[in-house]
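# Analysis of the macromolecular model
For reference, the chains in residue letters:
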Protein chains: 2
Amino acid sequence: MSTDKIQQTANDFVTYVRKMKQLHEAIQLIQWDMSVLIPKQGVAQRAEVVGMLSSELFMMQISDQMGEFLEVLAQPEALSQLDPITRNSVLDRKLEYDRDKSIPPDKFREYVVLTQKAESAWAEAKQNNDFEMFRPYLEQIVALLGEFIEIWGYQDNKYDTLLNKYEPGLTVAKLDVIFGNLREKTIDLLQRIQQKEQVNRSFLHLSYPKDQQQKYSRYMLNQLGFDFSKGHFEESPHPFAVGLNPNDVRITTFYFENDITASLFGTIHEFGHAIYEQNVSHDLIGTFLCTGTSMGIHESQSRFWENMLGRSQEFWQHHFDGLVSHFPEQLAGVSAEEFYKAVNYVDPSLIRVDADELTYNLHIMLRYEIEKDLINGKIQVKDLPEIWAQKMEEYLGVRPESHATGVLQDIHWSGGAFGYFSSYSLGNIYAAQLENTMRKELPDYQEQVARGDVSQVLAWLNRKVYKHGKMLTPGEIMVQATGEEINSDYLVTYLEEKFKKIYGI
Amino acid sequence: MSTDKIQQTANDFVTYVRKMKQLHEAIQLIQWDMSVLIPKQGVAQRAEVVGMLSSELFMMQISDQMGEFLEVLAQPEALSQLDPITRNSVLDRKLEYDRDKSIPPDKFREYVVLTQKAESAWAEAKQNNDFEMFRPYLEQIVALLGEFIEIWGYQDNKYDTLLNKYEPGLTVAKLDVIFGNLREKTIDLLQRIQQKEQVNRSFLHLSYPKDQQQKYSRYMLNQLGFDFSKGHFEESPHPFAVGLNPNDVRITTFYFENDITASLFGTIHEFGHAIYEQNVSHDLIGTFLCTGTSMGIHESQSRFWENMLGRSQEFWQHHFDGLVSHFPEQLAGVSAEEFYKAVNYVDPSLIRVDADELTYNLHIMLRYEIEKDLINGKIQVKDLPEIWAQKMEEYLGVRPESHATGVLQDIHWSGGAFGYFSSYSLGNIYAAQLENTMRKELPDYQEQVARGDVSQVLAWLNRKVYKHGKMLTPGEIMVQATGEEINSDYLVTYLEEKFKKIYGI
């Protein structure tokens, strides 16, 4: 193959992918609008617009044209001649192409229709607290995913194939070790905490008017250095972040008038996602590498900013006065120390999204174990409610009295997102591991935070994580940044040190 | 040609056009976002997304596929077999196809690039008050439009071809009569008003805080019956309305803290556009007929709601108390009658967008005459500043002292939008003509308005105008609704009756 031919094909490929990415950006913007401000009656028609554009994008991804590009460019001889960004872009598109192209179109359509129906069925089942309404859909989803895994192939464990969709390189073998260690230590720590007196957190649940919370959220974003010239902040029922491109990253939050923590830490959490997206290298614009490298690494940033920084003593040493000046009546007589302890309470409960920093991971591990066993045929869908309840009791000491607060609480499975849940705990694990290295390389970072200065923290994370986008895999990020592969010891140490001190253990 | 073949082609055509319309809706939404809330640094990248989608849409419009559809469906034999909506959709697309396809691609690209450059040049020229900076661009635009007219063809007057782009069926011959009558009577009335004492309007320019204006604008939209489940209301630097589809119509307004009238009447104006779009028949969704039939008829609705209804004595008879309750300090001691007179002041000024209801049309006619003479080669671009100043003095009695407040004040020409300005006055003329018939068919409509009830007015306009979308031409709308073609006598009568009473003539 001539160099000219390779170069010409590479140029055409770059142009083609840029167009795909523009289509993707249009879809993401329209979906943002649908989540945030579309008038109610406009949803149905807009969904058709999104459907049309998504179908166009999918057709471009699996087109003969794409096949021809990859046939030329994915050969070792060609790859070695490409610049690093184009090379990674080729490999990234090839992964998608092989995955999408291998599923027979009829099968894929069956899956799309099934998950659409399953989402409605799940919502109704949850509302009616009736697992049987959802069961047949979930059974079909598990069966279809099983077929897909056979097509895509697997090495050691069928479930690896699904984990890899969200966290490239992750396996059951690794996760069993990582999670096993974390589970054991977490349950042990939890039991010791439960013998201690609960911290007072009643002042977090006084009346916090929405407009004051809005003002404070915006103030906090400014304090953290959110660049509003490259981002937008709005309210929405389900808080989320989306990076349309590094120059337009949008976050939302939701306000509960009897709970200041939801918008406060929700906003900082989404800030963590946003600051990642805003700092991805501009060189990657126009490729699908221009975003966070994986769900887990992304979550490590939201968790780092929300928990490790945002729930730290040093952080509130600096920010508590500003908070009190926004809510003088609600926080009258509360000290920074009391506030710090209150926002770090530990209290096992049924609902994952309401869980505290310590017990949250137990909710995730329960789901991981169930997914793994379902996909490997070791348990059956019909037994899930009982398995769920047993594990909740074993790990958290609480037992759901309804399906709605048990096995039906999350939307994820109805959309077929098996393998996704782990990302949340991977985020905590990555974050603690990164923080451990950061402390060595920036020994006084906590003093900086206590002075309200996060600029060096941000610069460090940018250098190690953000700017690379998808040019590095999660594994490469961790090894380059911390010198070792993922390791949950750091999270265990972090949790033990933090909560032993708070609870006087 | 077999009926089967026609039916099959028609089905494919309908599907094809639906996809085009969805693409168009996506583009409009992204542009709405760019006008309203996009972060500053996101604009450049988003412009590329819009460029890509617009180019896709244009390619679909002039594709061989479209050519084949039209070759089959635009034949009389086929047209007669189509349902009315598909028939009109075919004719509508054929008009676009013939227009777009006839321009050589190089020529079209030249025009797009030229107008893009011209817009920047205009902005700079206006800022520097330097007509010479803009002159060469305007000369090229006029020359290119001349070439396009030669390609598209014309019957009596070259300028007719441009008028028709915005107002199908309109000609210089008609407009000279309509505008001639209006100009003469307006100037006469204006001169008589200027001999009278000015009404007091100082209270409109006290301090009106933005948040109170926002609250009031929303309140007024509710009073008028704006359906927020099918629409959205936001702030933006340049107020506008866009109907993405009848179930998602968005309007914006802008707040001047020292002028309550801008947001008040601006909001009602955009409501007029919005209520039209929201009521277009749902049968037309998925076609380009699903919108207002022309710029002029659209403007008739914004002007009807803003001026004929929103600036009427009856309207404020009902709404003044609500306004006072929102602005008790600013309007202390002001009566409904004084307010009514104040918002109907007449006072010639240099800037079109700030003009009062009476003199506004003179600004338009000046532009109409200049455009017509430019396109017909009777005047030259280099002489525009002087011609502009002379006409301003002749019609309005004021003379611009700068280009920025004279010939450079509007953006329109830089984008090549010759033929567009007339729509604004056509709107006033149509509105008065419709109102005249409405008064006959709903004799007590003004009493209803005085009771705060606009439901019958809305139902009447819906029946006569809104629901038809583009299924009727502007001419058909007017003849069916009022029994005659466009006639500016009704506007003249309306203006004379209204202002003679206010100014005691």
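Chain A carries the name Metal-dependent carboxypeptidase in an unreviewed UniProt entry, which gives Tumebacillus lipolyticus as its organism. Word for word, the UniProt comment on chain A under Function (unreviewed entry) is "Broad specificity carboxypetidase that releases amino acids sequentially from the C-terminus, including neutral, aromatic, polar and basic residues."

With that out of the way, let us pick up the side chain of B:Asp33. By the element assignment, B:Asp33 lies in helix 1 (residues 3–36). In terms of polar contacts, B:Asp33 uses its side chain to reach the side chain of A:Arg250, at 2.7 Å. Sequence-distant contacts of B:Asp33, that is, excluding residues within four places in its chain, are made with A:Leu29, A:Trp32, A:Arg250, B:Ile38 and B:Arg46.

Under the counting rule described, the total for this entry stands at 54 aromatic pairs over all chains. Measuring from ring centre to ring centre gives 6.3 Å for A:Trp413 and A:Phe421, while their planes differ by 85°; the resulting arrangement is edge-to-face. Taken as a pair, A:Trp413 and A:Phe421 share a single burial class, namely buried. With 5.2 Å between their ring centres and 90° between their planes, B:Phe179 and B:Tyr368 make a pair best called edge-to-face. On the criterion of sequence distance, the pair formed by B:Phe179 in helix 9 (residues 172–194) and B:Tyr368 in helix 15 (residues 360–375) is long-range, its members being 189 residues apart. No difference in accessibility class separates B:Phe179 from B:Tyr368, as the two residues are buried. Positioned above the aromatic ring of B:Phe288 is the side chain of B:Arg93, whose terminal nitrogen or guanidinium carbon lies 3.9 Å from the ring centre. Taking NZ or CZ as reference, B:Arg201 lies 3.8 Å from the ring centre of B:Tyr345, over its face.

With that out of the way, let us pick up the sheet that holds strand 1 (residues 231–235) of chain B. All names here are of chain B. A sheet is described by the order of its strands in space; here three strands give the open sequence 1-3-2, paired in mixed fashion. A strand with exactly one partner marks an edge of an open sheet, and here the two such strands are strand 1 and strand 2 (241–245). The average undirected angle you get between the axes of adjacent strands in this sheet is 15°. In this sheet, strand 3 (residues 248–253) lies alongside strand 2 in antiparallel orientation, the contact comprising four bridges. Bridged to Asn-245 within strand 3 is Asp-248. Running at roughly 160° to strand 1, helix 10 (residues 210–224) makes contact with strand 1 and strand 3 of the sheet.

To continue, consider the sheet that holds strand 1 (residues 231–235) of chain A. All names here are of chain A. Read from one edge to the other, the open sheet built from three strands follows the order 1-3-2, with strand pairing classed as mixed. Looking at which strands have only one partner, the edges of the open sheet turn out to be strand 1 and strand 2 (241–245). Across the sheet, the mean angle from the axis of one strand to that of its neighbour is 15°, orientation sign disregarded. The strands touched by helix 1 (residues 3–36) are strand 1, strand 2 and strand 3 (248–253); relative to strand 2, the strand with the most contacts, the crossing angle is about 145°. Across the face of the sheet, helix 11 (residues 260–279) comes into contact with strand 1, strand 2 and strand 3 while running at roughly 165° to strand 3.

Chain B puts 35 residues into the contact, and the matching count from chain A is 35 residues. Buried area between chain B and chain A, both sides added, is near 2,900 Å², and the carbon and sulfur share of it is 56%. Salt-bridge contacts for B:Glu56 lead to A:Lys19; the nearest nitrogen and oxygen are separated by 2.6 Å. Along the contact surface separating chain B from chain A lie 18 residue pairs in polar contact (both at pLDDT 80 or more). Of all the secondary structure elements, the ones that give two or more residues to the side of chain B that touches chain A are helix 1, helix 2 (43–61), strand 1, strand 2 and strand 3 of chain B.

Right, let's get into the environment of B:Ala241. All names here are of chain B. Relative to the helices and strands, Ala-241 resides in strand 2. Taking the C-alpha atoms as reference, Ala-241 lies 5.7 Å from Glu-270; in sequence the two are 29 residues apart. Residues within four places of Ala-241 in sequence aside, it is in contact with Arg-250, Ile-251, Glu-270 and His-273.

The next point concerns helix 15 (residues 360–375) of chain A. In this model, helix 15 of chain A (16 residues) spans 23 Å end to end at C-alpha, consistent with the 22 Å of a helix rising 1.5 Å per residue. Along helix 15 of chain A, 15 of the 16 residues are buried, which leaves the element largely enclosed by surrounding structure.

Within the fold, A:His238 resides in the loop between strand 1 and strand 2. Sequence separation between A:His238 and A:Met1 is 237 residues; the distance between their C-alpha atoms is 51 Å.

The next subject is the nonpolar core. Counting residues in hydrophobic clusters, the biggest one holds 125 residues, and the most contacted among them are A:Trp305, A:Trp316, A:Phe339 and A:Phe418. B:Leu145, B:Ile149, B:Tyr368 and B:Val492 belong to the second-largest nonpolar core, a separate cluster that totals 124 residues.

All names here are of chain A. Its domain assignment divides chain A into domain 1 (1–102) and domain 2 (202–347 + 432–472). Once you take the C-alpha centre of each, domain 1 and domain 2 turn out to be 31 Å apart. Across the boundary between the two partners, domain 1 contributes 18 residues, which contact 21 residues of domain 2. Interface area for domain 1 against domain 2, summed over the two sides, is near 1,700 Å², with a carbon-plus-sulfur share of 68%. Broken down residue by residue, the surface that domain 1 buries against domain 2 is led by Lys-21, Trp-32 and Ile-85, which jointly contribute 37%. Along the contact surface separating domain 1 from domain 2 lie zero salt bridges. If you look at where domain 1 meets domain 2, you find two residue pairs in polar contact (both at pLDDT 80 or more). Of all elements in the fold, only helix 1 and helix 5 (84–102) reach the threshold of two or more residues within the side of domain 1 that touches domain 2. In terms of residue class, the side of domain 1 that touches domain 2 is made up of eight nonpolar, five polar and five charged.

The next thing to look at is the relation of the copies chain B and chain A. For these two chains of identical sequence, chain B goes onto chain A by a turn of 180° and a shift of 0.0 Å along the axis, with RMSD 0.0 Å. Here the symmetry operator amounts to a two-fold rotation axis. When the interface residues of chain B are mapped onto chain A, 100% of them again lie at the interface, so the same face is used by both copies.

The rules we used
Residues numbered from 1 in each chain as written. Chains lettered and ligands numbered in written order. Predicted model: local features only at pLDDT ≥ 70, side-chain atom pairs only at ≥ 80, totals over all residues. Heavy atoms only, no water. UniProt positions renumbered as here; feature names shortened; annotations may be inferred. Helix = DSSP H or I, 4+ residues; strand = E, 2+ residues; numbered from the N terminus. Polar contact = N/O pair within 3.5 Å; in protein donor to acceptor, adjacent residues only side chain to side chain. Contact = heavy atoms within 4.5 Å. Phe/Tyr/Trp six-rings, centres within 6.5 Å; stacked < 30°, edge-to-face > 60°. Buried < 20%, exposed > 50% of the residue type's maximum accessible area, 1.4 Å probe, protein only. Lys NZ or Arg CZ within 6 Å of the ring centre and 35° of its normal. Pairing = 2+ DSSP bridges. Axes fitted to C-alpha atoms, helices over the stretch in contact; angles between N-to-C directions. Buried area = accessible area lost by both parts, 1.4 Å probe. Salt bridge = Lys/Arg side-chain N within 4 Å of Asp/Glu carboxyl O. Expected span 1.5 Å × (residues − 1). Core = buried A, V, L, I, M, F, W, Y, C linked by side-chain atoms within 4.5 Å. Domains from an automatic or database assignment. Nonpolar A, V, L, I, M, F, W, Y, C, P; charged D, E, K, R; others polar. Least-squares fit on C-alpha atoms with pLDDT ≥ 70 in both.

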